[in-house]
Amino acid sequence: MGDVGIHPILLEIIKGAIRSSQSEMAALLDRTAMSPFIREKKDYFIGVFDAGGRLVHSAGLPLMGDVIKPVLDRYALDSIQEGDVFWYNDCYGSGGAVSHTPDQVIITPIFSNGKICAFSLTWAHFNDIGGLRPGTLSPDAENIFQEGTMVPPIRLFSAGRQNDDAVAIFAANSRFPEMVRGDLRALVAAVRLGKRRLEELFARYGDEIILKAFAESER
């Protein structure tokens, strides 16, 4: 394994555990999301990223661009707290990872021994976030301002407390506000499940081993 210093069998065990956690996250989304784009079309992405925002492992649709960078550009790493959950749908700031405004990105940090070691992320296509046409699918839109509500990187939860005002504004711009609220809850539940599973891995094998596994997975 070169200079990484982790046994290949242990590496595969850790990779398998991460894949299993992502399967659990996908099953949770399938069961609890309300939008048919998520439940039936499977228009979502699930990923684990290291503390620098590099992809470790993913499931679901392929990824382009940089989905963690918009959050780290706005929030210093040392300002992020346990219980924070971040939310955005910035097409331009993500370098194309968010292909259009209906794709909502939800991210939560994973702490071990008091420091951020990873991020758990989902993004998924919401059914209607405003815009010219029902469903926010507007082939005649001439600019991004006609494609529904834009959300810059914000804290959806700050140290475990939900930003109810932001959710209320977002839901008020949807033709299906309860569906929007339900899908947000589903995505938050999924990233929290991923967070919990990764915390269990860090606790079982220790920070050094897991971070070495991350480094090998990124190669």
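Use the structure listed above.
Now for a quick tour of the structure. (Residues numbered from 1 in each chain as written. Predicted model: local features only at pLDDT ≥ 70, side-chain atom pairs only at ≥ 80, totals over all residues. Heavy atoms only, no water.)

1. As for the packing of helix α4 (residues 164–172) against helix α5 (residues 177–205)
Packing of α4 against α5 brings their axes to within 8 Å, and their N-to-C directions diverge by 135°. In terms of orientation, α4 and α5 fall into the oblique class. Crossing handedness for the pair α4 and α5: right-handed. Of α5, the residues touching α4 (which contributes Val 167, Ala 168, Phe 170 and Ala 171) are Pro 177, Val 180, Arg 181 and Leu 184. Here the residues of the contact of α4 with α5 are counted per class, giving seven nonpolar, no polar and one charged. (Axes fitted to C-alpha atoms, helices over the stretch in contact; angles between N-to-C directions. Helix = DSSP H or I, 4+ residues; strand = E, 2+ residues; numbered from the N terminus. Parallel < 35°, antiparallel > 145°, perpendicular 65-115°, else oblique. Left-handed = near helix turned anticlockwise from the far one by under 90°. Contact = heavy atoms within 4.5 Å. Nonpolar A, V, L, I, M, F, W, Y, C, P; charged D, E, K, R; others polar.)

2. A short note on the environment of Ile 46
Relative to the elements of secondary structure, Ile 46 occurs in strand β1 (residues 44–50). Under the relative-accessibility criterion, Ile 46 is labelled buried at 0%. Along the backbone, Ile 46 and Ile 106 are 60 residues apart, and their C-alpha atoms lie at a distance of 9.9 Å. Apart from the residues lying within four places of it in its own chain, the contact partners of Ile 46 are Gln 22, Met 25, Ala 26, Leu 29, His 57, Ser 58, Ala 59, Leu 121 and Thr 122. (Buried < 20%, exposed > 50% of the residue type's maximum accessible area, 1.4 Å probe, protein only.)

3. Side note on the packing of aromatic side chains
Two numbers describe a pair of aromatic rings. These are the distance of the centres and the angle of the planes. According to the stated counting rule, one finds five aromatic pairs in the structure shown. Each ring, one from Tyr 75 and one from Phe 86, has its centre 5.0 Å from the other, and the planes form 50°; the classification is tilted. Pair noted here: Tyr 75 is in the loop between α3 (69–74) and β3 (85–88) and Phe 86 is in strand β3, with a separation of 11 residues, a long-range link. As far as burial versus exposure is concerned, Tyr 75 and Phe 86 are alike and both buried. Ring centres of Phe 202 and Phe 214 lie 6.0 Å apart, and the angle between their planes is 90°; on these two criteria the pair is classed as edge-to-face. Of this pair, Phe 202 sits in helix α5 while Phe 214 is found in helix α6 (residues 207–217), placing the two residues 12 residues apart along the sequence. Side by side, Phe 202 and Phe 214 carry an identical accessibility label, which is buried. Clustering of aromatic rings is evident, with ring pairs tying together Trp 87, Phe 126 and Phe 170. Above the face of the Phe 157 ring, Arg 192 is positioned so that its terminal group lies 4.3 Å from the ring centre. (Phe/Tyr/Trp six-rings, centres within 6.5 Å; stacked < 30°, edge-to-face > 60°. Lys NZ or Arg CZ within 6 Å of the ring centre and 35° of its normal.)

4. Some details on helix α1 (residues 8–32)
The end-to-end C-alpha distance of α1, which contains 25 residues, comes to 36 Å, matching closely the 36 Å that a straight helix rising 1.5 Å per residue would cover. Residues Leu 11, Ile 14, Ile 18, Ser 21, Gln 22, Met 25, Ala 26, Leu 28 and Leu 29 constitute the buried set of α1. (Expected span 1.5 Å × (residues − 1).)

Treat this as a map of the structure, not an account of what it does.
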